[in-house]
Amino acid sequence: MITLLHRISAQIAILCIATFFTATIFVELFGTAESIATVKSLILWPGLFILIPAVVLTGGSGFALAKSRSGKLIRQKKTRMPFIAANGILVLIPCAIFLDQWASVGVFDIKFYVVQAVELLAGATNLILMGMNMRDGFRMSGRFGRSGLNNG
Ligand code: HEM
């Protein structure tokens, strides 16, 4: 049950970050000011209201699953989780709020693009960290071969 919760919430979290990331790049390269504002607003709502609970559930269920386990892969997953959370709370959420506010009133000045660059960098970092946690999760559950199971 907890494994299922972990699996589903982890997939939702990764899908959210990947969607926000690609939608942002596409709309800012090819979209109008209006479509940029729409994407920025959708990232805030319902985006963050899906992403935040998904990350909380992934972390919570992950630590619950980890209670009965030890090893290098688990240690590495545990170490990455605070960075994922801090990056989200301290960088991604404030960036999403500011970008939505500025885009909604048509402010696309230098500070918009600086904050946008910071958000993309933090988003890419979290995608990589979550991807590594996913890879190690699959290694532990043996889904894609158990080659990494020697994790003592
Ligand atoms: C955003 C962070 C995380 C992501 C994306 C993630 C992703 C995954 C995925 C995809 C699996 C494989 C599930 C399957 O077999 O279908 C998994 C398994 C697992 N994860 Fe995570 N995980 C994350 C955080 C954590 C944390 C913080 C812990 C605790 C240290 C953890 C502990 C585990 C354990 C113990 C398993 C093996 C479950 C089993 O099959 O018995 N995960 N994880």
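Residues numbered from 1 in each chain as written. Predicted model: local features only at pLDDT ≥ 70, side-chain atom pairs only at ≥ 80, totals over all residues.

Q: Now, about the overall build of the chain: what can you tell me, with residues and values included?
A: Tallying secondary structure elements over the chain gives 4 helices and 0 strands in all. Considering only C-alpha atoms, the chain reaches an extent of 55 × 25 × 25 Å along its principal axes. Of all 152 residues assigned to the chain, the portion counted as buried reaches 24%. A sequence separation of at least 24 residues applies to 79% of the contacts in the chain between residues at least 6 apart. (Helix = DSSP H or I, 4+ residues; strand = E, 2+ residues; numbered from the N terminus. Buried ≥ 20, exposed ≤ 12 C-beta atoms within 10 Å, placed from the backbone. Contact = placed C-beta atoms within 7 Å.)

Q: Which residues make up the site of the ligand, and what are the values?
A: The immediate surroundings of the ligand are formed by 26 residues, with Ala10, Gly62, Asn133, Gly137 and Ser141 found nearest. Mapped onto the shell around the ligand, the elements with two or more residues apiece are α1 (2-30), α2 (33-66), α3 (72-104) and α4 (110-141). With 7 residues, the top contributor of residues to the shell around the ligand is α4. Among the residues making up the shell around the ligand, the classes are represented as 13 nonpolar, 8 polar and 5 charged. (Near = placed C-beta within 6 Å. Nonpolar A, V, L, I, M, F, W, Y, C, P; charged D, E, K, R; others polar.)

Q: I'd like to hear about the nonpolar core, residue by residue, with values.
A: Soluble globular proteins tend to pack their nonpolar side chains together in the buried interior. Counting 18 residues, the largest nonpolar core has Ala13, Ile14, Ile17, Leu51, Val55, Ala96 and Met130 as its most contacted members. Ignoring sequence-local partners within four residues, the contact set of Leu51 consists of Ala13, Cys16 and Ile17. (Core = buried A, V, L, I, M, F, W, Y, C linked by C-beta atoms within 7 Å.)

Q: Would you mind going over the packing of α2 against α3 in detail, with residue names and values included?
A: It is at 10 Å that the axes of α2 and α3 come closest, and there the two elements cross at 165°. What the angle tells us is that α2 and α3 run roughly antiparallel. Considering the relative orientation of α2 and α3, their crossing is left-handed. The residue makeup of the contact of α2 with α3, split by class, is 16 nonpolar, 5 polar and 4 charged. (Axes fitted to C-alpha atoms, helices over the stretch in contact; angles between N-to-C directions. Parallel < 35°, antiparallel > 145°, perpendicular 65-115°, else oblique. Left-handed = near helix turned anticlockwise from the far one by under 90°.)

Q: Which residues make up α1, and what values go with them?
A: For α1, built from 29 residues, the straight-helix expectation of 42 Å at 1.5 Å per residue is met to within 8% by its first-to-last C-alpha distance of 41 Å. Of all the residues in α1, the buried ones are His6, Ser9, Ala10, Ala13, Ile14, Ile17, Phe20 and Thr24. Those residues of α1 that are buried lie in contact with α2 and α4. (Expected span 1.5 Å × (residues − 1).)

Q: How would you sum up the packing of α1 against α2? Please name residues and give values.
A: Where α1 meets α2, the axes come as close as 8 Å, and the angle between the chain directions of the two elements is 155°. The orientation of α1 relative to α2 falls into the category roughly antiparallel. Our pair here, α1 against α2, has a crossing hand that is left-handed. A class-by-class count of the residues in the contact of α1 with α2 yields 20 nonpolar, 9 polar and 1 charged.

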